[in-house]
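Listed here are the chains, written in short residue letters.
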Amino acid sequence: MDTNHMDPAVAGAGPGLLPAAVERLEQASAADLIGAVRRAVRAVPLGPARDVLHGRPLGHPAHPLLVQVPLGAWLSAAVLDLVPGQHRAARILVGTGPAAAAPAAAAGWTDWAELPPEQARTGMVHALANLAGAVLYANSFLARTRGRHGRGRVLGMAGLAAVGAGGALGGHLAYRQAAGANHAEHVAHLVGDGWHRVGPVSGFPVGRAVRAGVGGVDVLVVRESGGSVRVLADRCAHMAGPLSEGEIADGCVRCPWHGSLFRLTDGWNVEGPATAPQPAFDTRITDGDVEARLRRFHDAGATAPGPQ
């Protein structure tokens, strides 16, 4: 194409100032303390509460849900600050925010500790912006309690600006960088209905994870000692880690990247950080070949015909 005659609107197209700045943030490496902070967060002895904070019981991350409470309280307070005679109601809402932000922050940091570096850098600035907002709102509450309503309003608006910036980064993190998204959702849209040949059963050693292909999608194949063949989508739902490189034990596979544990029989996410189960396939052996059929939601748990 002759760029000399290109439409000026097209020639000048490219990322705006904000996307460009965030992309530079993703690649920043100077004074990168991500690893040390991640280890500290992982070392907190949360036990089963860690999976709750990830949102595994919900089937999706808990952090976006939890942030609605402080954000809703602070935004409502900003509206009431514009209405005469609403000092008390605004003060209550401003004070509610920092308390409600604590569980949201706990969930956010728990998720953050399992992100790759590019996402973790964005997430760190997202968290710091929200922390600054929470501190500003805490000081706004103190000022209002002491009757300094004008100062309280100014601090509140500054806090709203800070959490707004943090929210914009959170949106980039979730929608541009796909943090918290189900990285196995595409499998159901790519694999057609019916049975697909995976390969000769002799090509799958007993007890070992092998990567194969079904309908253009990488799958994990495990042949068990009893003769059963288990097939799951290979790319982990959490961050697309290769399950075929993970550890097989006690009827489960553990993702080598972030430790999510999936049951081989049905792909259920036994342990997080994955919040979604892994797509699973029914299997059968026909003329010495392993065949697999994607297990759709409506026939989950159904028994496949023929030898397993």
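A few points on the structure. As the structure is a computational prediction, the values presented were derived from the model and not from experiment.

Okay, the overall build of the protein chain next. A count of helical and extended segments in the protein chain gives ten helices and ten strands. For the protein chain, buried positions account for 41% of its 308 residues. Counted over contacts in the protein chain with a minimum sequence separation of 6, partners at least 24 positions apart contribute 55%. Accessible surface for the protein chain amounts to roughly 15800 Å². Of this, 61% is attributable to carbon and sulfur atoms.

Next up on the list: the environment of Gly-72. Relative to the helices and strands, Gly-72 is located in helix α6 (residues 68–80). Judged by its relative accessible area of 31%, Gly-72 falls in the partly exposed class. Between the C-alpha atoms of Gly-72 and Leu-93, which are 21 residues apart in sequence, the distance is 8.8 Å.

What follows concerns the pattern of salt bridges. Scanning the entire structure with this criterion turns up 13 salt bridges. Close ionic contact of Asp-282 with Arg-293 constitutes a salt bridge, the shortest N to O distance being 3.2 Å. Of this pair, Asp-282 sits in strand β9 (residues 280–286) while Arg-293 sits in strand β10 (residues 289–294), and the two are eleven residues apart along the sequence. The structure contains a network of salt bridges with shared partners spanning Arg-211, Asp-234 and Glu-245.

As summarised here, the arrangement of the six strands in space is β1-β10-β9-β4-β3-β2, forming an open sheet in which the pairing is antiparallel. Bordering the open sheet on either side are β1 (196–200) and β2 (209–214), each of which pairs with just one other strand. Strand-to-strand twist across the sheet, computed as the mean angle between neighbouring axes with direction ignored, equals 35°. Strand direction decides the pairing type here: β9 and β10, joined by six bridges, are antiparallel. Bridge pairing in β10 places Thr-283 opposite Ala-292.

The rules we used
Residues numbered from 1 in each chain as written. Predicted model: local features only at pLDDT ≥ 70, side-chain atom pairs only at ≥ 80, totals over all residues. Heavy atoms only, no water. Helix = DSSP H or I, 4+ residues; strand = E, 2+ residues; numbered from the N terminus. Buried < 20%, exposed > 50% of the residue type's maximum accessible area, 1.4 Å probe, protein only. Contact = heavy atoms within 4.5 Å. Areas by Shrake-Rupley, 256 points an atom, 1.4 Å probe, with all protein chains shown as cover. Salt bridge = Lys/Arg side-chain N within 4 Å of Asp/Glu carboxyl O. Pairing = 2+ DSSP bridges. Axes fitted to C-alpha atoms, helices over the stretch in contact; angles between N-to-C directions.

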